Amino acid sequence: VDFSDVDLKRTDVEKVAEHLLSHGCVGFCPTVVSSHSGTYEHVIRELVGAETGHSCRPRRARILGIHLEGPFINPECKGAHDPSTLRKPVAGYDSVTA
């Protein structure tokens, strides 16, 4: 599952989390690579939604946090990141969805 996919669905995230728990992994941090602002808004909403509803008897691994790999990357050191998605952190996290 590509956690940076604009078509990401909560059920996709839940399937990954169920699979991880079946292998003994109780928590993970999904990575979202540098993306356009609309993508961030969508995937973060889906990731947060997939984390709700846990009980004392978990059915899936917990999302411990979201790893935003970008968009605040030096364009000269961007590696495989799409340069059109990079931006300056003018307003901190608010710059992600601006």
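Up top is the structure these notes are about.
The structure displayed is predicted, hence computed values, not measured ones.

Criteria and cut-off values
- Residues numbered from 1 in each chain as written.
- Predicted model: local features only at pLDDT ≥ 70, side-chain atom pairs only at ≥ 80, totals over all residues.
- Heavy atoms only, no water.
- Helix = DSSP H or I, 4+ residues; strand = E, 2+ residues; numbered from the N terminus.
- Buried < 20%, exposed > 50% of the residue type's maximum accessible area, 1.4 Å probe, protein only.
- Contact = heavy atoms within 4.5 Å.
- Areas by Shrake-Rupley, 256 points an atom, 1.4 Å probe, with all protein chains shown as cover.
- Axes fitted to C-alpha atoms, helices over the stretch in contact; angles between N-to-C directions.
- Parallel < 35°, antiparallel > 145°, perpendicular 65-115°, else oblique.
- Left-handed = near helix turned anticlockwise from the far one by under 90°.
- Nonpolar A, V, L, I, M, F, W, Y, C, P; charged D, E, K, R; others polar.
- Salt bridge = Lys/Arg side-chain N within 4 Å of Asp/Glu carboxyl O.
- Core = buried A, V, L, I, M, F, W, Y, C linked by side-chain atoms within 4.5 Å.

### With respect to the overall build of the chain
- If you tally the helices and strands in the chain, you get two helices and four strands.
- Sequence-ordered secondary structure for the chain, helices as α and strands as β, is α-β-β-α-β-β.
- Taking the principal axes of its C-alpha atoms as reference, the chain extends roughly 45 × 25 × 20 Å.
- Within the chain, the fraction of its 98 residues that count as buried is 34%.
- Of the contacts made within the chain by residues no fewer than 6 positions apart, 68% connect residues no fewer than 24 positions apart.
- Total accessible area on the chain is roughly 6000 Å²; 55% of this is exposed by carbon and sulfur atoms.

### Here we look at the packing of helix H1 (residues 10-22) against helix H2 (residues 37-51)
- Direction vectors running N to C along H1 and H2 enclose 50°, while the axes themselves pass 8 Å from each other. By the angle between their axes, H1 is oblique relative to H2. The two elements H1 and H2 cross, and the hand of that crossing is right-handed. Seen from H1, the contacting residues are Arg10, Val13 and Glu14; seen from H2, they are Arg45, Glu46, Leu47, Gly49 and Ala50.
- Tallied by class, the residues present in the contact of H1 with H2 amount to three nonpolar, one polar and four charged.

### Here we look at the pattern of salt bridges
- Within the structure shown, the criterion is met by two salt bridges.
- A salt bridge links Glu14 to Arg60; the shortest N-O distance between them is 3.9 Å. Residue Glu14 is found in helix H1, and its partner Arg60 is found in the loop between H2 and strand S3 (62-63); the two are separated by 46 residues along the sequence.
- Its salt-bridge partner being Arg62, residue Glu51 comes within 2.4 Å of it at the nearest N-O pair. Within this pair, whereas Glu51 is found in helix H2, its partner Arg62 is found in strand S3, the two being separated by 11 residues in sequence.

### So, the side chain of Glu51
- Overall, Glu51 belongs to the buried group, its relative accessible area being 16%.
- With sequence-adjacent residues up to four places away left out, Glu51 is seen in contact with Arg62 and Ile63.

### Regarding the nonpolar core
- The biggest cluster of nonpolar side chains holds 15 residues, and the ones touching the most others in it are Phe3, Leu8, Val13, Phe28, Val32, Leu47 and Ile63.
- For this core, the elements supplying multiple residues, two or more each, are H1 and H2.

### Observations concerning unusual backbone geometry
- Following Gly70, the chain continues to Pro71 via a peptide bond in cis, the omega torsion being 15°.
- Examined against the element boundaries, Pro71 turns out to sit in the segment after strand S4 (67-69).

Note that every value here comes from positions in space, so none of it alone points to a role or purpose.
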